[in-house]
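# Commentary on secondary and tertiary structure
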Amino acid sequence: MTAPRLLQLLALLLGLLLAAPAQAQTPDLPTLVNALSQGSFADKGDAVAALAATGDEHVATILGALGEGNLYARKSDGRVLLKSGDTYLDPLTNEPVEVTDTEKVRVNNSLRGKIRTAIGQLTLLSADRATRLSAAQSVLKNGDPETLELLTAALEKENDPQIKATMEAARAVITLKSDASLEDKQAAVATIAARNDRDAQAMLQAALGSAPDELKPVIESGIDTISRNLAVWDVAQNVWYGVSLSSVLLLAAIGLAITFGVMGVINMAHGEMVMLGAYTTFVVQEVIRQNFPGLFDYSLGIALPLAFLVTALVGIAIERGIIRWLYGRPLETLLATWGVSLILQQAVRTIFGPTNRQVGNPSWMQGAFDLGGLSITWNRFWIVIFAIAVFFALLAILNHTALGLQMRAVTQNRRMASAMGIRTPFVDAMTFGLGSGIAGMAGVALSQIDNVSPNLGQGYIIDSFMVVVFGGVGNLWGTLVGALTLGIANKFLEPYAGAVLAKILILVFIILFIQRRPRGLFALKGRAVEA
Amino acid sequence: MTEVNRVLAALGVGAAITVGSLAATPAWAADDTIKIGVLHSLSGTMAISETTLKDTVLFLVDEQNKKGGLLGKKLEAVVVDPASDWPLFAEKARELISVDKVAAVFGCWTSVSRKSVLPVFKELNSILFYPVQYEGEESERNVFYTGAAPNQQAIPAVDYLMSEEGGSVKRWVLEGTDYVYPRTTNKILEQYLLDKGVAKEDIMINYTPFGFSDWQTEVAAIKAFGSAGKKTAVVSTVNGDANVPFYKELANQGISAEDIPVVAFSVGEEELAGLDTKPLVGHLAAWNYFQSIDTPENEEFVKAWKAYTGNEKRTTNDPMEATVIGFNLWVKAVEAAGTTDTDAVLKAIIGLETPNLTGGTAKMLPNHHITKPVFVGEIQDDGQLDVVWQSDAEVPGDAWSDYLPEDKGIEADWTDPINCGHYDTATKTCGGAPATSG
């Protein structure tokens, strides 16, 4: 063999080596990618499957972008591009492409499911723990028998206990669908039943329909065990929902416990103070969004003192401007504050518009965490904590500060307090300001779970009065116990009676209760009350 | 000028004089404006939805006047504020018709406000254009329903979810606010699902009060109902403000659209504006119009609307399109009748057609409903809805549901010789429904 021939052969070999991978991807990969933008959702689903089958390293990224709506197609020729920021990239080479006319590649729910399954299969062996976990979860959800081999391979390499458990459950689900032996299937049922949660129950329910007769009793007993376990957790879950509703009631009512409970002013504009607090949060978030996007997670912390200040000032203005002329005339106060509430609502509607304003949840207020069989959402959790904090702070102010002492003195005997040198008008204004300010802080919390619209306050005013009257006018502990009782009772009734009837039952209960104890749960005692 | 031309010119002048004198003879003789009433709440709970429709009518009047008005006269909108107070709707309607002498009224949102003004329009014989999707079971001589009836929104949406493309849903949660529209719609839907072979235990119906904000129990119940091993979907007739906390709770409890999709009949672009829509991507809404629909008519409308309001962020929505269609049909009817007289317009409008904003045609039917295309859209992360399904052709609005046993054989037809809103085709008699009379 001569040297040139040897070289020729080498070149040929080299060419083959280069061509081999090229043949596996270049001829059809771009076509497959471009197929994503063509045809019906079913066609797109086929394209996703075909693309996933190539196993190319770019596929997971491309499918991820498709699922999140970052994939665009050029209108002229349907070429698929990846949008990153304001630029479009070629999805395979990551090189920027200059285009002007693009439209988003549309996906629907069933396609999103297919995409997630495909990504799950592609990333089951990923090095990143979170990616692997979500991959295992999507394989578990889908239970596609074709993933069995891949799953077994992944299981062997897996060390993380949580991912391993998920993968084993996934394998069990697939086993139930396959024609494995009865023993294998029984073991699979046991594996799923051991998860002991609602998802496991759903998986067993789904398997029950197609299971052979010998297997049915095993599955049924598995479902029974899980349901019994869930029933216990359901009670706990209801208690939690009740506590969470109570915290909202408490927050809404606690400011009123001061203005109505301590001062005896029927303040119909109380709900609007809550609303103003929520709008303060909106304004703070808008400023942050435009100027300091990095501070967004702290927006609520910044909004709290501001909301307190704004609403306290509005409250003081209302007290000085209107209410102080009407002390001792409850009907006129009621009408005047009702008028104030309408004015405030319409003012906000004129300034901010009648539509809802978007108040975002900081990242630490999103999602949920599991505590045993309980699923607790973060926003509700923090609101419960916040309500408790506000309650004790207020208690401390009333019992351990000079202002608190003066407030209590004025409440118990206005003329005597005045004779002792307390400036009662000043104390009145401060008390009203404090009550309003606390309502404003409640508004910051409620903006996280409710609409921020001019009507926000109206939804809370009746509940607030209910809590304060039920708990006993003039007693903070009464407000706490009242909120807890009503919240938990409501949430226990709701699953059985429905939300509408539950509310009616609660109202009937309060009416009957007030008949028996007109002063509420914790009545103030003493001569001042009789006067 | 030839002889023929001179004759033609004379004829033309003559015709112009005749037309002019005809147009000038009715009640507007002393005046050269035609007034129309706008009866939408600008304050109170419904202001959130209705204010936009008031702006829409003003926008349409403005556009019409730029085109030279109507019958050679200037159009003028009289705006009143019924303040989300149902009895006040009736008072304000009376004021518009008898004091301001308006030729037609565009207004109302909730069914209860519509019911409250019905007697006024009947008594004073005026015309109301009602632009919102509603529960059906009504057809009045003086009202035109340009929003969707249940068969133009709810039924197609359920069909979509039942199809393979929509996820082959087998279990259904019907979640609604507790008032007439959700209750009637759910009654129709339940019967429809039972007819389709869905088992009774696979349907869960639940109602919550207006403005409900603590959805924890309800969402947990949906989650539990959805874990029976069958594909589950929620059909939501939850109205107004309660939607925001509902969707927030769904997102927080980790219910994604792939697991349990929610299809809503009252959530549009406007409602989504108050929400962070990222966790909601994939949930559905069924309407007859979406802002995102890609037709030249719609593009032009959205552009003109943004220019008119001077706000780039203003969205358009389905009831707005219904208002546009109602307005255009009325204009055509007045032009055809040559007068704004109620009886003449009522007669002229039936069978008239006008292009809608989605590339089709809206036709006024004898039952006072119109033909509409149906779209199912998925919520996108930018708060817009992208169409994932649409009906093959326009669906004619059906006043009386085909799926309720008590409505069997009932038709509405306001043309001669029937002229009745509740006509029993079996006994060939009119009446039966308390709210209806010929």
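Residues numbered from 1 in each chain as written. Chains lettered and ligands numbered in written order. Predicted model: local features only at pLDDT ≥ 70, side-chain atom pairs only at ≥ 80, totals over all residues.

### With respect to helix α11 (residues 216-262) of chain A
With 47 residues, α11(A) should cover 69 Å at 1.5 Å per step; its first-to-last C-alpha distance of 64 Å lies within 8% of that length. After α11(A) finishes, the residue A:Gly264 shows a positive phi value of roughly 80°. (Helix = DSSP H or I, 4+ residues; strand = E, 2+ residues; numbered from the N terminus. Expected span 1.5 Å × (residues − 1).)

### Quick look at the domain arrangement of chain B
All names here are of chain B. Its domain assignment divides chain B into domain 1 (29-147 + 295-372) and domain 2 (151-294 + 376-396). In this structure, domain 1 and domain 2 have C-alpha centres spaced 28 Å apart. Contacts between the two partners involve 24 residues from domain 1 and, on the opposite side, 21 residues from domain 2. Every element with two or more residues in the side of domain 1 that touches domain 2 is listed here: α2 (47-66), α4 (111-124), α10 (296-309), α11 (318-337) and β13 (371-372). Here the residues of the side of domain 1 that touches domain 2 sort into 5 nonpolar, 14 polar and 5 charged. (Domains from an automatic or database assignment. Contact = placed C-beta atoms within 7 Å. Nonpolar A, V, L, I, M, F, W, Y, C, P; charged D, E, K, R; others polar.)

### Topic: the nonpolar core
Residues A:Leu251, A:Ala253, A:Val274 and B:Val263 are the most contacted members of the largest nonpolar core, which totals 204 residues. Top element by residues in this core is α11(A). It accounts for 15 residues. (Core = buried A, V, L, I, M, F, W, Y, C linked by C-beta atoms within 7 Å. Buried ≥ 20, exposed ≤ 12 C-beta atoms within 10 Å, placed from the backbone.)

### Quick notes on the interface of chain A and chain B
Facing the 46 residues of chain A at the interface are 47 residues of chain B. At the level of secondary structure, the elements contributing two or more residues to the side of chain A that touches chain B comprise α5 (109-122), α10 (198-210), α11, α14 (330-352), β7 (374-377) and α20 (476-516) of chain A. A per-element tally of the side of chain A that touches chain B places α20(A) first, with 7 residues. Of the residues that constitute the side of chain A that touches chain B, the class distribution is 12 nonpolar, 24 polar and 10 charged.

### Looking at the pairing of strand β18 (residues 420-424) of chain B
All names here are of chain B. Most of β18 is tucked away: 4 of the 5 residues are buried. Sheet analysis places strand β17 (residues 410-413) next to β18, joined by 3 bridges and oriented antiparallel. By the bridge assignment for β18, glutamate 411 is matched with tyrosine 423. The loop that links β17 with its antiparallel partner β18 comprises 6 residues; one of these, asparagine 419, has a positive phi angle of about 50°. Bridge count for β18 against strand β19 (residues 429-430) is 2 bridges, and the pairing is antiparallel. Its bridge partner being in β19, aspartate 424 is matched across the sheet by threonine 429. Between β18 and β19, which pair antiparallel one after the other, the connecting turn spans 4 residues, and lysine 428 there sits at a positive phi close to 55°. (Pairing = 2+ DSSP bridges.)

### A closer look at the confidence of the model for chain A
Residue and element names in this part refer to chain A. When the pLDDT values of chain A are averaged, the result is 85; 93% of them are 70 or greater. At the level of individual helices and strands, chain A shows its lowest average pLDDT in helix α21 (residues 527-530), which scores 47, and its highest in helix α13 (residues 299-321), which scores 95. Under a pLDDT of 50 for its full length, residues 18-27 has, in the predicted model, 2 contacts with residues more than four places off or in other chains. (pLDDT = per-residue confidence, 0-100.)

### Side note on the packing of α20(A) against helix α7 (residues 216-225) of chain B
Here α20(A) crosses α7(B) at 60°, and the two axes come no closer than 10 Å. Where α20(A) crosses over α7(B), the two elements pack in a sense that is right-handed. Two secondary-structure elements touch here, α20(A) through A:Lys491, A:Glu494, A:Pro495 and A:Ala499 and α7(B) through B:Thr217, B:Glu218 and B:Ala221. For the contact of α20(A) with α7(B), a count of residues per class yields 3 nonpolar, 1 polar and 3 charged. (Axes fitted to C-alpha atoms, helices over the stretch in contact; angles between N-to-C directions. Left-handed = near helix turned anticlockwise from the far one by under 90°.)

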